[in-house]
Amino acid sequence: MAAAVRVLHESQISPSPWLPSQPPQPLSFLDAIWLPNSVLVERLFFYDFPHPVSHFIDHKLPILIKTLSLTLHHFYPLAGSIRPSADFDDGQFEIAYEEGDSVTLTIAEFTGEDFHNISGYHPRNFENLRLLVPKPKKSSSCGQFPPISIQITLFQNQGLCICFAINHVACDGSGTMGFIRSWATACRSTEPTLHEISRPFLDRSIIIDTHGIQRKMFQHKRVFEEYLKKQDTLPVSDPSLVSATFTLCKDHITQLKERVQAKGEEEGKPLFHISTFVVTCAYVWRCLVKARAYDGDSQQYFVCVVDWRSRMRPPLPRNYFGNCLGGLMVELSTKELVGKNGNELAAMEIGKSIDGLRGRDVGEVLTTAFGRLLENERRKSLSVAGSPKLMVYEVDFGWGRPAKVEISSINETRAISLAESREEEGGVEIGLVLPEEEMNRFGKNFTCGLVDI
Ligand SMILES: CC(C)(COP(=O)(O)OP(=O)(O)OC[C@H]1O[C@@H](n2cnc3c(N)ncnc32)[C@H](O)[C@@H]1OP(=O)(O)O)[C@@H](O)C(=O)NCCC(=O)NCCSC(=O)CC(=O)O
C-alpha cells in the first residue's frame, strides 16, 4: 500500500490569554538575510506512542492545544505574519502580530508505512518523510507569509510525529528550540500556566546594522535571486532520494581529534580549535565529496552558520528570539580533501576559520561570506543545519524523549543536519538526503573510514 496522510483536523491556534495587536517589528538585517528565498526549516520529532488515534484526540490533543496557545502568548510573533512594511519602497519587511492571528495546527493520520521504519536511521524513502511536513498556507494578501506551521501525524498504535515548518526569517535554531522547549515544558505540567513559560527576548531593534549590510543586500538582491535560480536543488519529487542518519560515537570523535592533533604536531602547525563539531564536519565533508567523485582540480566549499549571541558586543541575551547568526566558508580543492590526510586538513581549516571569528563584527563577517558565496557554485558547497548544542532529544511533551529527530528541509539547501546523539553523551548524529546510490557510496565511505582511524 502506498504511504499517504489523511487530514483529521485543522485548527487555528491563537495566543491565550487573549492578546491585543502588538506594534510590528522591522526585521533586523540578520533576519532579512533569509528573505530572498524564504528558507523553511522543517524539523520532525518522532515519538513512540503505542495508543489508538482516538486516545490521542481525546486525551492529548486538548492539552497540546491549550499549552500551544499559552506558549504563543509569549512567542506571539510566531502567530503573526511576515509582511512588507508600510515603507516597503526600501524593501523593508516586518513581523507583525494582530489580534486574532493564529498558527495552523494540522492533525493527520499516516497509513502505508511502519512508524519504526520511517523514524529509523537507515536510508528511507524521502517522499514519505515529506508527507509529515505541514504545507504552509500563503496568506491571501500578497507578499505575506506565516512564520510557522505545525503538523502532528499519528501512526495508529505505534507513534506520532510533530513537524514544525519554521520560516528562517522569523528565527534561527536557538529561537526555534526556545519555543519548542517552552511548549513541551508547559505540556508536561499538571497545571500549565503562563508563569511556567519563560519569556523570550523579543526586541529585534537590539541588532544594529553597523556595516549597512541590509542596504547592500537589497542592492545585490537581484544578483542573489539570479544566483539562486542558477543553483540546482534536488527536486523534492525525485523518487530516488533517500534520507538517512549516521552517528559518530564519542570514541570515534576522540580518535578523530587525536589524529588531527598528531598531524598538527608532526607538521609543526599551530593547533586550532579542534572540537567535536569541527572533526565531525570535516569527516562528513570528505566522505561526501569522495562519494560524488568530482574532478580532482575542482574546488569544494564548506559553509556553516555561527550563533553570534555570545559574540555580539555587548552579548545578546541567550533567549533572544530572532536570527543572530554569522557565517564562515572554507575552501579546499577536491584533491586535497579526498587525499590521504584530507580529514586532518579539513579539520584544521574549519578550526582555523572558527578561531578567526574571535573579536570580529558579524556585519563584516557576513559581507565577506556573502561576497564569496555569490562567486561560487552552490552545488559544490556543503552547509550545515541544526547543531549538536540545540539538545533536540530533550524535548519531551510528556510521553518520553523523541525516538528520532530529523531536519527534512536539508535537501532544499543541500545541507547536512547535526544533532546530539540520542544514545550517548558526546556523540553526534548526522542527517543527509541524497539520491540512493550516492547515499550508499557515502555510507560505505563513512563506515570504512572509521575502521581506518
Ligand atoms: C561556530 C560553532 C558551530 C563552533 O562549534 P564548536 O563546538 O566547534 O565551538 P564552541 O566554541 O561552541 O565549543 C568548543 C569546545 O568548547 C566546549 N564548550 C563550549 N562551551 C562550553 C561551556 N560553556 N562549558 C564547557 N565547555 C564548553 C565545547 O564542548 C567544545 O568542545 P567539544 O565539542 O570538543 O566537546 C558554534 O560555536 C556555534 O555557533 N554553534 C551553533 C550553531 C547554530 O546555532 N546552528 C543552528 C543554525 S540555525 C539552523 O540551522 C536552523 C535550525 O537549526 O533551526
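The rules behind each value
Residues numbered from 1 in each chain as written. Predicted model: local features only at pLDDT ≥ 70, side-chain atom pairs only at ≥ 80, totals over all residues. Heavy atoms only, no water. Helix = DSSP H or I, 4+ residues; strand = E, 2+ residues; numbered from the N terminus. Rg over C-alpha atoms; globule rule 2.2 N^0.38 Å. Buried < 20%, exposed > 50% of the residue type's maximum accessible area, 1.4 Å probe, protein only. Contact = heavy atoms within 4.5 Å. 1 Å grid on protein atoms, 1.4 Å probe; cavity = no way out; pocket = protein on both sides within 12 Å on 5 of 7 lines; lining within 4 Å. Points joined across faces, edges and corners; volume = space filled by probe spheres on them. Nonpolar A, V, L, I, M, F, W, Y, C, P; charged D, E, K, R; others polar. Pairing = 2+ DSSP bridges. Axes fitted to C-alpha atoms, helices over the stretch in contact; angles between N-to-C directions. Near = heavy atom within 4 Å. Polar contact = N/O pair within 3.5 Å; in protein donor to acceptor, adjacent residues only side chain to side chain. Domains from an automatic or database assignment. Salt bridge = Lys/Arg side-chain N within 4 Å of Asp/Glu carboxyl O. Expected span 1.5 Å × (residues − 1). Bend = angle between axes of the 7 residues up to and from the residue. Parallel < 35°, antiparallel > 145°, perpendicular 65-115°, else oblique. Left-handed = near helix turned anticlockwise from the far one by under 90°.

As annotated in an unreviewed UniProt entry, the protein chain carries the name Malonyl-coenzyme A:anthocyanin 3-O-glucoside-6''-O-malonyltransferase and is attributed to Dendrobium catenatum.

(A) Fine view of the overall build of the protein chain. Summing up its helical and strand segments, the protein chain has 13 helices and 16 strands in all. The C-alpha radius of gyration computed for the protein chain amounts to 22 Å, which stays within 12% of the reference 22 Å derived for 453 residues, consistent with globular compactness. Within the span of the protein chain, comprising 453 residues, buried residues form 54% of the whole. The contacts in the protein chain between residues at least 6 apart in sequence include a share of 80% that link residues at least 24 apart.

(B) Broad picture of unusual backbone geometry. Along the chain, Ser 16 connects to Pro 17 via a cis peptide bond; the corresponding omega equals -5 degrees. Counting through the fold element by element, Pro 17 comes out in the loop between strand S1 (4–13) and strand S2 (25–26). The linkage connecting Arg 313 with the following residue, Pro 314, adopts the cis geometry, with an omega of -5 degrees. One can find Pro 314 in the loop between strand S11 (299–307) and strand S12 (325–333). Phi at Ala 293 is positive, roughly 45 degrees, even though this residue is not glycine. Given the relative accessible area of 64%, Ala 293 is considered exposed.

(C) Fine view of empty space enclosed by the protein. Taken as a whole and assessed by the stated rule, the structure comprises six cavities of 30 Å³ or more. Space inside the largest cavity adds up to approximately 140 Å³. Broken down by secondary-structure element, the contributors of at least two residues to the lining of the largest cavity are strand S10 (241–248), strand S14 (404–407), strand S15 (415–420) and strand S16 (428–435). Element by element, the count of residues in the lining of the largest cavity is highest for S16, at five residues. Among the residues forming the lining of the largest cavity, the class breakdown is nine nonpolar, six polar and four charged.

(D) Representation of the sheet that holds strand S13 (residues 381–386) within the structure. Within the open sheet, the seven strands sit side by side as S7-S10-S16-S15-S13-S11-S12. Their pairing is mixed. Either end of the sheet is taken by a strand with one partner, and the two such strands are strand S7 (124–125) and S12. Pairing geometry for S7 and S10, over two bridges, is antiparallel. The residue of S10 that forms the bridge with Asn 125 is Val 242. Where helix H8 (residues 276–292) meets the sheet, its contacts fall on S10, S11, S12, S13, S15 and S16, and the angle it forms with S16 comes to roughly 20 degrees.

(E) Summary view of the site of the ligand. The environment of the ligand is made up of 20 residues, and the closest members are Arg 43, Lys 257, His 273, Ser 275 and Lys 389. Contact distances for the ligand include 2.6 Å between an oxygen atom and a side-chain N or O atom of Arg 43. Here an oxygen atom of the ligand and a backbone polar atom of Gly 386 are 2.9 Å apart. Of all elements in the fold, only strand S3 (40–48), H8, S11 and S13 reach the threshold of two or more residues within the shell around the ligand. Broken down by element, the shell around the ligand gets its largest block of residues, three residues, from S11. Counting contributing residues, the shell around the ligand receives three or more from each of domain 1 (4–205) and domain 2 (241–452).

(F) Main features of the pattern of salt bridges. Evaluated as defined, the whole model comprises 19 salt bridges. The partner of Arg 83 in a salt bridge is Glu 98, with the nearest N and O atoms 2.9 Å apart. Of this pair, Arg 83 sits in strand S4 (residues 81–84) while Glu 98 sits in the loop between strand S5 (93–96) and strand S6 (103–111); the two residues are 15 residues apart in sequence, bridging distant segments of the chain. Judged by relative accessible area, Arg 83 falls into the buried class, the value being 16%. Between Arg 292 and Glu 438 there is a salt bridge, and its shortest N-O distance comes to 2.7 Å. With Arg 292 in helix H8 and Glu 438 in helix H13 (residues 436–452), the pair connects residues that are 146 residues apart, well separated along the chain. The exposure class assigned to Glu 438 is buried, which follows from its relative accessible area of 15%.

(G) Local environment of helix H2 (residues 53–74). Taking 1.5 Å as the rise per residue, H2 with 22 residues should run 32 Å; its terminal C-alpha atoms sit 30 Å apart, in good agreement. Lys 60 marks where H2 bends most, by close to 45 degrees; the proline Pro 62 follows one to four residues later. Where H2 is concerned, the buried positions are Val 53, Phe 56, Leu 61, Leu 64, Thr 67, Leu 68, Ser 69, Leu 70, Thr 71, Leu 72, His 73 and His 74. The elements touched by buried residues of H2 are S1, S6, strand S8 (148–155), strand S9 (159–167) and helix H5 (173–188).

(H) A look at the packing of H8 against H13. Packing of H8 against H13 brings their axes to within 8 Å, and their N-to-C directions diverge by 130 degrees. Considering the angle they form, H8 stands oblique to H13. Considering how the two elements wind past one another, H8 and H13 form a crossing that is right-handed. Contacts between H8 and H13 involve Tyr 283, Val 284, Cys 287, Leu 288, Lys 290, Ala 291 and Arg 292 on the former and, on the latter, Glu 438, Arg 441, Phe 442, Asn 445, Phe 446, Gly 449 and Leu 450. Broken down by class, the residue content of the contact of H8 with H13 amounts to eight nonpolar, two polar and four charged.

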